[in-house]
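In case you want the letters, here they are:
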Amino acid sequence: MEKKYNDFGKIIIEKLRDENFFNYLKSIELARKITKEDYSNLERNKNYEPSLQKIDDERFEFINSLDDNQKEQLDKLILKTLDGTAFNFLREIEENFHFNESIGLIFKGKPIEDIYDEFLSGTFFGEYFLWVNKFSKYGEYQY
């Protein structure tokens with residue numbers, strides 16, 4: 001059944017992991033590409049809420065201050081957070097659909113509860129580990 005749900009696994013990994021990590025990496029790259037002085041000289045959007053600009057400035061300073069090892073650890077922490085969130089989301093769907101206490105999910109017209117027992121891992125959320133290894137652009141599941 002593995003190939004039958006490859007499209008489903010790709011969607012889960014792309015939307016719950018890779019897109020978010022890619023956006024994080026873009027912000028990291030920008031902050032590490034320029035100096036604090038260059039950043040402070042950038043033209044500011046006058047219509048931007050000052051409190052939001054302050055958050056952006058603080059994030060820039062934090063990211064810009066990281067050495068390579070710290071950045072690597074932050075990358076792993078972000079991936080761990082994304083993986084944990086996706087895993088918990090998928091587990092919530094599977095563990096509580098029998099009690100009508102959870103959100104539902106439909107793939108190609110079938111409710112997930114009608115197909116999850118066809119997964120290689122035997123569980124919907126367990127499949128996430130396999131999908132990460134198979135489809136993610138950003139390496140293995142982070143514990």
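Just so it is clear, the model here is predicted, and its values are computed rather than measured.

### Here's the deal with the overall build of the protein
Part 1 of the reasoning: In terms of regular secondary structure, the protein is built from five helices and two strands.
Part 2 of the reasoning: Reading the secondary structure of the protein in the N-to-C direction produces α-α-α-α-β-β-α.
Part 3 of the reasoning: Counting every position in the protein, which comprises 143 residues, the buried fraction comes to 33%.
Part 4 of the reasoning: Nonlocal contacts in the protein, meaning residues at least 24 apart in sequence, comprise 71% of its contacts between residues at least 6 apart.

### Notes on the packing of helix α1 (residues 6–33) against helix α3 (residues 50–65)
Part 1 of the reasoning: Packing of α1 against α3 brings their axes to within 8 Å, and their N-to-C directions diverge by 75 degrees. As summarised for this structure, α1 and α3 are arranged roughly perpendicular, according to the angle between their axes. Every residue of α3 that contacts α1 at I28, A31 and R32 is listed here: F60, I63 and N64.
Part 2 of the reasoning: Partitioning the contact of α1 with α3 into residue classes produces four nonpolar, one polar and one charged.

### Notes on the environment of K108
Part 1 of the reasoning: Note on placement: K108 falls in the loop between β1 (106–107) and β2 (110–111).
Part 2 of the reasoning: By relative accessible area, which is 62% here, K108 ends up exposed.
Part 3 of the reasoning: Remark: the alpha-carbon pair of K108 and Y5, spanning 103 residues in sequence, is separated by 10.0 Å.

### Observations concerning the pattern of salt bridges
Part 1 of the reasoning: Under the counting rule described, the total for this entry stands at nine salt bridges.
Part 2 of the reasoning: Linking R44 and D57 is a salt bridge whose minimum nitrogen-to-oxygen distance equals 3.7 Å. Residue R44 is located in the loop between α2 (36–40) and α3, and its partner D57 is located in helix α3; the two are separated by 13 residues in the primary sequence.
Part 3 of the reasoning: Given a relative accessible area of 32%, R44 falls into the partly exposed group.
Part 4 of the reasoning: Beyond isolated ion pairs, a larger network of salt bridges with shared partners links E14, K15 and E19.

The rules behind each value
- Residues numbered from 1 in each chain as written.
- Predicted model: local features only at pLDDT ≥ 70, side-chain atom pairs only at ≥ 80, totals over all residues.
- Heavy atoms only, no water.
- Helix = DSSP H or I, 4+ residues; strand = E, 2+ residues; numbered from the N terminus.
- Buried < 20%, exposed > 50% of the residue type's maximum accessible area, 1.4 Å probe, protein only.
- Contact = heavy atoms within 4.5 Å.
- Axes fitted to C-alpha atoms, helices over the stretch in contact; angles between N-to-C directions.
- Parallel < 35°, antiparallel > 145°, perpendicular 65-115°, else oblique.
- Nonpolar A, V, L, I, M, F, W, Y, C, P; charged D, E, K, R; others polar.
- Salt bridge = Lys/Arg side-chain N within 4 Å of Asp/Glu carboxyl O.

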